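Here is what each chain is made of, one letter per residue.
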Amino acid sequence: MSEIHPRRVIMSLAMIGIVVAALLLVMRAAPAFAQSPPVTPSPPTDVTGDMGDMEIKLSWTAPATESTCVVTRYFIRLEYYDNQGVMITAEQAFTEDTMYVVTGLVANTRYLATVFSFGESCGKYSTVAFMWFTTTASDATTDPVKPDNQPKPSPNRPRRLSVSSLSTSTATFVWEESNSNDGRCSHGHYSLRVRNLSDKTAAPVKVLEQDAATFTVTGLVSGNRYKITVWSYSRECGIHSPGTSKKFTPP
């Protein structure tokens, strides 16, 4: 058996190191073949609106430069928030022009108008151009053309939520019963949620149907901070009232 010379071993390891380093340099210097971003049409710009009698004329500027996905038409959407903070779509349409007239606006309502370019060749929409505007009683009707898009009435929220008794593990709450909100949206039952603010991992307690204007929470942890929220629900209108909340800490 031939004798292994330490010097030869060291030289061999050094050569391997040089080769590995050279390969790493080549790999770092090579261009990265990143996936190209998807092609989309160029967006419109400068959305403006001219108010008329119960309507608004929306106008915008066509893209100054086209991408490889040429704009063939525009998509317009008009939205507003209802009294629950939910965004409602009032109108949406396609047009090949750089203007569009929306009629049947609701008085004293803040709208969001958004415009997208659309390209037939790529089947994609551009990024959005938008504007906010608010109607007044003088330039919009109080009777909307599209009553289904009118914000729904809701039952009155529960009032005067308070703790009637509190221990280390239980808490009893009472509140003033909801009325029928002038007969437009009668109260049906209450919904409740109790969250542990001190322990974010704890599952909230949820009660979907509670008839009485009182509720007892059990299984509380002493010293933890909680938040209870109570809503009134109307079966007639199919909607909840705004919530009433209260924070509490078991001793």
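The residue count restarts for each chain, going from 1 along the sequence in the order it is written. Reporting in this predicted model follows two pLDDT cut-offs: at least 70 for local features of residues, and 80 or more for side-chain atom pairs to be given and counted; totals over whole chains, interfaces and linings ignore these cut-offs and use all residues. Remark: hydrogens and water are excluded; side-chain values derive from all non-hydrogen atoms of the structure.

(A) Looking closely at the overall build of the chain. Where helices and strands are cited, they refer to DSSP runs of H or I of at least four residues and of E of at least two residues respectively, numbered from the N terminus. Of regular secondary structure, the chain possesses one helix and 16 strands. Every one of the 251 residues in the chain was classed for burial, and the buried ones make up 34%. Taking contacts inside the chain between residues at least 6 apart in sequence as the whole, the part at least 24 apart equals 64%. Surface exposure of the chain reaches about 15500 Å², of which carbon and sulfur atoms provide 55%. In this scheme, a residue with accessible area under 20% of its type's maximum is buried, one over 50% is exposed, and one in between is partly exposed, where area comes from a 1.4 Å probe on protein chains only. The contact rule is simple, with two residues in contact once any of their heavy atoms fall within 4.5 Å. Residue-level accessible areas treat just the shown protein chains as cover; the underlying method is Shrake-Rupley with a 1.4 Å probe.

(B) Structural detail: the nonpolar core. Counting 21 residues, the largest nonpolar core has Leu-58, Trp-60, Leu-78, Val-102, Leu-105, Tyr-111 and Phe-133 as its most contacted members. Here this core gets four residues from one element, more than from any other, and that element is strand E3 (residues 73–81). Among all residues touching Val-102, those that are not within four sequence positions of it are Met-54, Glu-55, Ile-56, Leu-58, Leu-78 and Glu-91. Of all hydrophobic cores here, the second largest spans 16 residues; its members include Phe-173, Trp-175, Tyr-190 and Val-217. Residues belong to one nonpolar core when they are buried, are Ala, Val, Leu, Ile, Met, Phe, Trp, Tyr or Cys, and are joined through side-chain atoms within 4.5 Å.

(C) Up close: the side chain of Asn-224. Along the chain, Asn-224 turns up in the loop between strand E13 (214–217) and strand E14 (226–234). In this structure Asn-224 comes out as buried when scored by relative accessible area, which is 17%. Sequence-distant contacts of Asn-224, that is, excluding residues within four places in its chain, are made with Asn-196, Ser-198, Asp-199, Phe-248, Thr-249 and Pro-250.

(D) Local environment of the side chain of Asn-196. Checked against the element boundaries, Asn-196 lands in strand E11 (residues 189–196). For the purposes of these results, a polar contact is taken to be a pair of N or O atoms within 3.5 Å, where, inside protein, one atom must be able to donate a hydrogen and its partner to accept one; residues adjacent in sequence count only when each atom of the pair is a side-chain atom. There is a polar contact of 3.4 Å between the side chain of Asn-196 and the side chain of Tyr-226. Beyond its immediate chain neighbours, meaning those up to four positions away, Asn-196 contacts Ala-202, Asn-224, Arg-225 and Tyr-226.

(E) Examining the sheet that holds strand E2 (residues 55–61) more closely. Two strands qualify as a pair provided that DSSP identifies no fewer than 2 bridges between them. A sheet is described by the order of its strands in space; here three strands give the open sequence E1-E2-E5, paired in antiparallel fashion. The open sheet is flanked by strand E1 (45–52) and strand E5 (99–103), the only strands paired with a single partner. Between one strand axis and the next, the sheet turns by 20 degrees as a mean value, whatever way the strands run. Pairing of E2 with E5, which is carried by five bridges, proceeds in the antiparallel orientation. Of the residues in E5, the one forming a bridge with Ser-59 is Met-99. In this description, a line fitted to the C-alpha atoms serves as the axis of each element, helices being fitted only across the stretch in contact, and the angle between N-to-C directions of two axes falls anywhere from 0 to 180 degrees.

(F) Here's a closer look at a nonpolar patch on the surface. Nonpolar side chains collect at one region of the surface, where Tyr-81, Val-128, Phe-130 and Trp-132 lie side by side and expose about 400 Å² of accessible area between them. Relative to the elements of secondary structure, Val-128 occurs in the loop between strand E7 (124–125) and strand E8 (129–134). Like charges within 9 Å and nonpolar side chains (Val, Leu, Ile, Met, Phe, Trp, Tyr) within 5 Å are joined into patches, using only residues over 30% in relative accessible area that form no salt bridge. We count a salt bridge whenever a side-chain nitrogen from Lys or Arg sits within 4 Å of a carboxyl oxygen from Asp or Glu.

(G) Structural view of the pattern of salt bridges. Throughout the structure, instances matching the rule amount to four salt bridges. Here Glu-176 makes a salt bridge to Arg-159, at a shortest N to O gap of 3.8 Å. Here Glu-176, found in strand E10 (residues 171–176), pairs with Arg-159, found in strand E9 (residues 159–166); they are 17 residues apart in sequence, far enough to count as distant. By relative accessible area, Glu-176 is classed as partly exposed at 31%.

(H) Spotlight on the confidence of the model for the chain. Confidence per residue, as judged by the predictor, is encoded in pLDDT with a range of 0 to 100. The predicted model of the chain has a mean per-residue pLDDT of 78, with 71% of residues at 70 or higher. Low pLDDT, under 50, characterises residues 30–35; the stretch is placed with zero contacts to residues that sit more than four places away or in other chains. Considering only residues more than four positions removed or in separate chains, one finds that residues 141–152, a stretch of pLDDT under 50, has 23 contacts.

(I) Molecular detail of a positive patch on the surface. On the surface, Arg-195, Lys-200, Arg-225 and Lys-247 cluster together to form a positively charged patch. Of note, Lys-247 is situated in strand E16 (residues 244–248). Taking the relative accessible area as the measure of exposure, Lys-247 reaches 46% and is therefore partly exposed. The charged-residue count follows a simple rule in which Lys and Arg add positive charge and Asp and Glu add negative charge, with His and chain termini not counted at all. In this description, the location of a charge corresponds to atom NZ of lysine, CZ of arginine, CG of aspartate or CD of glutamate.

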